[in-house]
Amino acid sequence: MDQSSPPQEIQHQSVTFEERLTLDCGRHLNRFTIAYRCYGTLNADRSNAILICHALTGDQYVAEPNPETGKPGWWERVVGPGGPVDTNAYFVVCTNVLGGCMGTTGPRSPHEDHPGQPWGTDFPAVTINDMVRAQKRFIDHLGIEKLFAVVGGSMGGMQVLAWAAMYPEQVFAAVPVAAAAYHSAQNIAFHEIGRQAIAADPFFYGGRYWSEGVTPERGLAVARMTAHITYVSEAALTRKFGRKLQDAATLSELGERFEVESYLQYQGSSFVRRFDANSYLTITRAMDLFDLAAGHENGLADAFKGTRSRFLLVSFSSDCLFPTAQSRAIARALNHVAANVSFVEIKSDKGHDAFLLDEPDFHRTLRGFLSGCAEHAGLK
Amino acid sequence: MTTQKKMRLDLALIAGMIAPRSRVLDIGCSDGTLIDHLFRTLQCDARGLELDMDAVTQAVGFGLPVMQGDADTDLATYPDGAFDYVVLSRTLQAVEQPREVLRQMLRIGTHAIVSFPNFGHWSLRLQLLLNGRMPMTKTWSRMWYETPNIHPCTIQDFFQLCKADGYKVEQWLAADDEGARAPWRRFPALANLFGEQGLFLLRKA
């Protein structure tokens, strides 16, 4: 029998739009749902809203415990009362991305043409721009004409860039963190390893695992493990684990393991409990397809022509996935159109994941930038 | 946002050359004191470019629009006429290609404001004459083999470069180290002897 949903279904706060959404691939969704969370208070003239965009495996639970995992919100260090994105001053919104599996329409949602079945691999290919179009509908729904800021890291940063390029008049300030204007060949290659691992899992059933009542856990875990290595730096792994062994003095038997191995396996196994394999395929593909300069004759700068938004670009020195050079290239493209751009590289040895971790310089920079923007926007 | 700090006198002299509500790029803006001042007192759209990442982080943390970058390479990324004023204070002598930087400044800006320590000051001349060694002063305080000031010039040299490259000197003055205005502005030769730094407002002729 069809099993269209995982064992425990949590009700996510959401709103459903009945107007058709046309996607970049040419297909459309006749209706779609956006799951979201809000923090803080929208002011009377609706001018203090900040949209937070989440990364590949993130969700809308930015600043509160995640109902699926019970763990703290993924950006509680940044978003909260008195935080760099201060919910006492700003109204903060975060939505689960289109294609996701935390309540927004994605491969696990009911198929439009086949009642009782999920979309599965039949879910249309979505792009970062599609995610942003869906978010835009939601922001319109809230009655917010202009976002004070759009902030996000990694894939969230891609969405920030897409917002700034697609809706420049609706974005006062844009903060892409640890991001890039396109996904590099190396990043696509890493994603492909993950996708192949999922496809190779015998429980994948060509993406129809839901109809068999199983999930391709091994494949998804391997995908997560591979990706995880690209999120952390060599220095961080060495500091945390070095060559330490798990429960053994020497590595004499095959069953014994290095600590880093069991750490990775933990990362993999905890991930499969909360993430849908088809969503992973959909979203990694969306990232791969991202290229902000595509379709612009004169390259990236054209994407920002005439922008009046204020930008803060942040990179981390040990990030190999979205290296500083990528952020600098965006900063230079913004210079080409004489945009208002701040750009810092934060010294950190924590790799790409640094944007999620305790990085006081980053937090100070973000807080200061937003507060400077608030002054220019007349919020203070 | 940053509280109003006491500004270096030479920055105050520079601010005095800038029209209210103009677009300004401050190259080598350090912690952004000048751009903060220009925004607060003259309502300028002032931005900064700074090489030192710690200074950039500090400036952005104050809410100032500053990007990390290098005068030698990053000016080429701005469009023609993006700014009304492009400021380079006490940095010309430290860039790799001063002539090219100046050319870029007057491409992306209508005006260039340049200040630099004057290597023609009498005390430097005297030291070289008497000791036969590279002069050392408060401004020129590092040994020749480790100084970042790789392109020292005199006020007369600078006049010469402006003439050669077709820049009109709209205003100029010599100042002492603190930035207090020196009284020799009518006489370049005297300014070159007694001014510790030169400050120029240029535009294309």
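Residues numbered from 1 in each chain as written. Chains lettered and ligands numbered in written order. Predicted model: local features only at pLDDT ≥ 70, side-chain atom pairs only at ≥ 80, totals over all residues.

Participant: What should I look at first to understand the packing of helix α11 (residues 360-376) of chain A against helix α3 (residues 53-61) of chain B in this one?
Facilitator: The description of two packed helices rests on the angle between their axes and on the distance between the axes. Where α11(A) contacts α3(B), the axes come no closer than 7 Å and their chain directions differ by 40°. The orientation of α11(A) with respect to α3(B), classified from their angle, is oblique. In this structure, α11(A) uses Asp361(A), Arg364(A), Thr365(A), Gly368(A) and Phe369(A) to contact α3(B), whose residues at the interface are Thr57(B), Val60(B) and Gly61(B). Residues of the contact of α11(A) with α3(B), tallied by class, amount to 2 nonpolar, 4 polar and 2 charged. (Axes fitted to C-alpha atoms, helices over the stretch in contact; angles between N-to-C directions. Helix = DSSP H or I, 4+ residues; strand = E, 2+ residues; numbered from the N terminus. Parallel < 35°, antiparallel > 145°, perpendicular 65-115°, else oblique. Contact = placed C-beta atoms within 7 Å. Nonpolar A, V, L, I, M, F, W, Y, C, P; charged D, E, K, R; others polar.)

Participant: Whenever I open this one, the interface of chain A and chain B confuses me. Can you help?
Facilitator: As a measure of interface size, the accessible area lost when the parts come together is often cited. Listed per partner, the contact involves 21 residues of chain A and 18 residues of chain B. Looking at the side of chain A that touches chain B, the elements with two or more residues in it are β13 (310-316), α10 (324-336), β14 (340-346) and α11 of chain A. Looking at the side of chain A that touches chain B element by element, the count peaks at 8 residues for α11(A). Its residues assigned to classes, the side of chain A that touches chain B comprises 7 nonpolar, 8 polar and 6 charged.

Participant: How should the nonpolar core be read in this particular structure?
Facilitator: Buried together is how nonpolar side chains tend to be arranged in soluble globular proteins. All names here are of chain A. Within the largest apolar cluster, 166 residues are counted, with the highest numbers of intra-cluster contacts made by Ile50 and Ala149. In terms of residue count, helix α2 (residues 155-166) provides more of this core than any other element does, 8 residues in total. Of the domains in this structure, domain 1 (14-184 + 292-376) and domain 2 (187-285) are the two that each give at least three residues to this core. (Core = buried A, V, L, I, M, F, W, Y, C linked by C-beta atoms within 7 Å. Buried ≥ 20, exposed ≤ 12 C-beta atoms within 10 Å, placed from the backbone. Domains from an automatic or database assignment.)

Participant: Would you mind going over the environment of Phe187(B) with me for this structure?
Facilitator: Along the polypeptide, Phe187(B) turns up in the loop between β6 (167-175) and α8 (188-194). The spacing of Phe187(B) and Leu173(B) is 14 residues in sequence and 9.8 Å in space, taken between C-alpha atoms.

Participant: For this particular structure, what's the right way to read the pairing of strand β4 (residues 83-89) of chain B?
Facilitator: Looking along a regular strand, one sees side chains alternate from face to face of the sheet. Residue and element names in this part refer to chain B. Burial runs high along β4: 6 of the 7 residues are buried. For strand β1 (residues 23-27) and β4, the ladder comprises 4 bridges, and the chain directions are parallel. Each residue of the ladder has a partner; that of Ile27, found in β4, is Leu88. Bridging between β4 and strand β5 (residues 109-117) involves 6 bridges; their strand directions are parallel. Bridging across to β5, Tyr85 finds its partner in His111. (Pairing = 2+ DSSP bridges.)

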